[in-house]
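Architecture at a glance
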Amino acid sequence: MNPTITDSTLADHPSSTQLKDILVVDVDVHVNETPQAIAPYCEMPWRKSLEALREVPQGYLNIPGYAQAQAPWPMFPDGSGRRRKTVTCAKEMRKDLDDLGIDIGILFPDFFLFHAALQQADYAIALAKAYNRWLVEEWLGEDNGLKGAVMAPHHDPVVAAAEIRKYAKHEHVKAIYLPTAMVDPFYGHRRYDPVYEAAQETNLPVFFHSVTCIHPTFPFNMHGFSTLFSAHVMAHPFSCIANLLSMLETGVPVRFPNLRVAFTEAGIGWVPWLMMRIDKEYNERRRDLPFYKGRPSEHIKKMFFSTQPIEEPANLRDLAALISLFDGENSVIFSSDWPHHDFDHPSKVLQIPVSEEGRRKILGTNALRLLNLEVAKR
Amino acid sequence: MKKEIMVATVAELPEGSHKIVQVGSREIGIFNVRGELYAIPNVCFHQNGPLCKGAVSGTVRADEQTSWKLEWVQEGEIVVCPWHSLEFNVTTGECVAYPGRRLPTYSLRVEDGQIFFPADK
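Predicted, not measured: the structure shown is a model, and the values here were computed from it.

Helix and strand counts for chain B stand at zero helices and nine strands. Going from N to C terminus, chain B has its helices and strands arranged as β-β-β-β-β-β-β-β-β. Here the C-alpha atoms of chain B give a radius of gyration of 15 Å, agreeing with the 14 Å that 2.2 N^0.38 yields for 121 residues. Out of the 121 residues in chain B, the part that is buried amounts to 42%. Carbon and sulfur atoms form 50% of the exposed surface of chain B, whose accessible area is close to 6300 Å². If you average the places of the 12 positive and of the 15 negative side-chain charges in chain B, the two averages end up 7 Å apart.

This part covers helix α7 (residues 228-249) of chain A. All names here are of chain A. In this model α7 runs 31 Å from its N-terminal to its C-terminal C-alpha over 22 residues, within 8% of the 32 Å that 1.5 Å per residue would give. The largest bend along α7 measures about 30 degrees and falls at alanine 235, with the proline proline 237 one to four residues further on. Once α7 ends, the next one or two residues include glycine 251, with phi positive near 75 degrees.

What follows covers the sheet that holds strand β7 (residues 87-89) of chain B. Residues and elements named next belong to chain B. Here three strands make up an open sheet; going across it, the order is β5-β6-β7 and the pairing antiparallel. Two strands close off the open sheet at either side, each with one partner strand: β5 (56-61) and β7. Going across the sheet, the axis of each strand differs from the next one's by a mean of 65 degrees, ignoring polarity. Judged from the five bridges that link them, β5 and strand β6 (residues 71-80) form a sheet pairing that is antiparallel. What sits directly across from arginine 61, in β6, is glutamate 71.

As a further point, take the interface of chain B and chain A. Counting residues at the interface gives 19 residues for chain B and 19 residues for chain A. Summing both partners gives a buried area of about 1600 Å² for chain B against chain A, and 51% of it is carried by carbon and sulfur. Area buried by chain B at its contact with chain A is led by Gln47, Lys53 and Trp83 of chain B, which between them contribute 38% of it. Our count for the contact surface shared by chain B and chain A stands at zero salt bridges.

Residue and element names in this part refer to chain A. Position of serine 246 among the secondary structure elements: in helix α7. Of note is the side chain of serine 246, whose polar atom sits 2.8 Å from the backbone nitrogen of glycine 188. Contacts of serine 246, omitting those with residues within four sequence positions, involve Phe186, Tyr187, Gly188 and His189.

The rules behind the values
- Residues numbered from 1 in each chain as written.
- Chains lettered and ligands numbered in written order.
- Predicted model: local features only at pLDDT ≥ 70, side-chain atom pairs only at ≥ 80, totals over all residues.
- Heavy atoms only, no water.
- Helix = DSSP H or I, 4+ residues; strand = E, 2+ residues; numbered from the N terminus.
- Rg over C-alpha atoms; globule rule 2.2 N^0.38 Å.
- Buried < 20%, exposed > 50% of the residue type's maximum accessible area, 1.4 Å probe, protein only.
- Areas by Shrake-Rupley, 256 points an atom, 1.4 Å probe, with all protein chains shown as cover.
- Lys, Arg positive; Asp, Glu negative; His and termini not counted.
- Charge placed at Lys NZ, Arg CZ, Asp CG, Glu CD.
- Expected span 1.5 Å × (residues − 1).
- Bend = angle between axes of the 7 residues up to and from the residue.
- Pairing = 2+ DSSP bridges.
- Axes fitted to C-alpha atoms, helices over the stretch in contact; angles between N-to-C directions.
- Contact = heavy atoms within 4.5 Å.
- Buried area = accessible area lost by both parts, 1.4 Å probe.
- Salt bridge = Lys/Arg side-chain N within 4 Å of Asp/Glu carboxyl O.
- Polar contact = N/O pair within 3.5 Å; in protein donor to acceptor, adjacent residues only side chain to side chain.

Right, dumping it as structure tokens:
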């Protein structure tokens, strides 16, 4: 990282004036949880591990022993290093979101996008607990539009459920983050039932969020590719598809009928394809999923899908048509992924030629419904 | 008719450097590439990012002439948008990823160590 680059590049670059009249809820922005930052919130002996990590060089989303990106791809100078890609405090995040024209942001971690890859379960659980303590203490103290997603460590779903219940009453905790990259087994496995029970009981939505890596877990066993280009194309949507299918297999949508589900950072292009594909398959293999009454895609229509990285076809009317294929005006939710390398500016989503009402839903009010947020609408 | 305006001094722009100047309501990036001055808008056509805040370096090429091997070319001519890394040739305004798609370019005039932005642009 170049230490001289501190400019967010947003400050003197005002957002579209049109955004001033629209409530913008961003369901995916990232906080930078360094080992140093969360060490004071971590239980022993793992605090010692975090203190030891001070000596380890840190890269973008990459700290060996904490969040190893496993990125064996070449880099070229200045390819994407010329703006800061971390947000280190609530004040900085609030300023950035103001510059972007975003009213409400749901906070997700940076390094713990790789959380499910941690093999030492006690360590991983301690990190998740420390993250949640740190998030509530350092980021959610004010009523300023920053909202938290409590992290649920997949290593122990009973602990995860306890964390959900512990933080659910906090006035600014509005979601549950399920680390999705490299998770094994997938989130349809019945071992995760306690997580969904807690989510339903506390009325918090679950968010699936993946990240790009190479890992010997389907669908991250991407060693056949030689570029980050291909791996990044695959990693996010394929892990969402795999986990969504897994949930359908065990009947999560019917066993937890009030569970609200959202998928982030996978774009939306895959959604209508998956719906049509599973409906076709269901005709022949209903006995595999006997708990559905009619097209299983009806359950996908009730789920939420965040925009970033929003597809950018040459003709944006194609994107509006794609959204109409799955009633997306009621289920697509805006996300920027700020401050990561592939963030989307909300003005891009503003350009999609859906109806004015659809635009307001996608940029804000669908997310209010998902998050159960009461906000005065503009 | 708009007046030609002084936007920078030659001393402010040594070879290999670039800076952003204000021209009315617009921001313009001025680049010194091997002693020649070039100017393009500070707006990327992808998501309107501040293109000229990016770094200038070269880029890679691979085609029949290189036997499909990557070659490092155009050192000092390519600016990379700090938002999403789209590359532009600052000497022509051309986008590397989309040949034929160009940003406007402006001819600057130098006199007595001062750099002037054209009157009619």
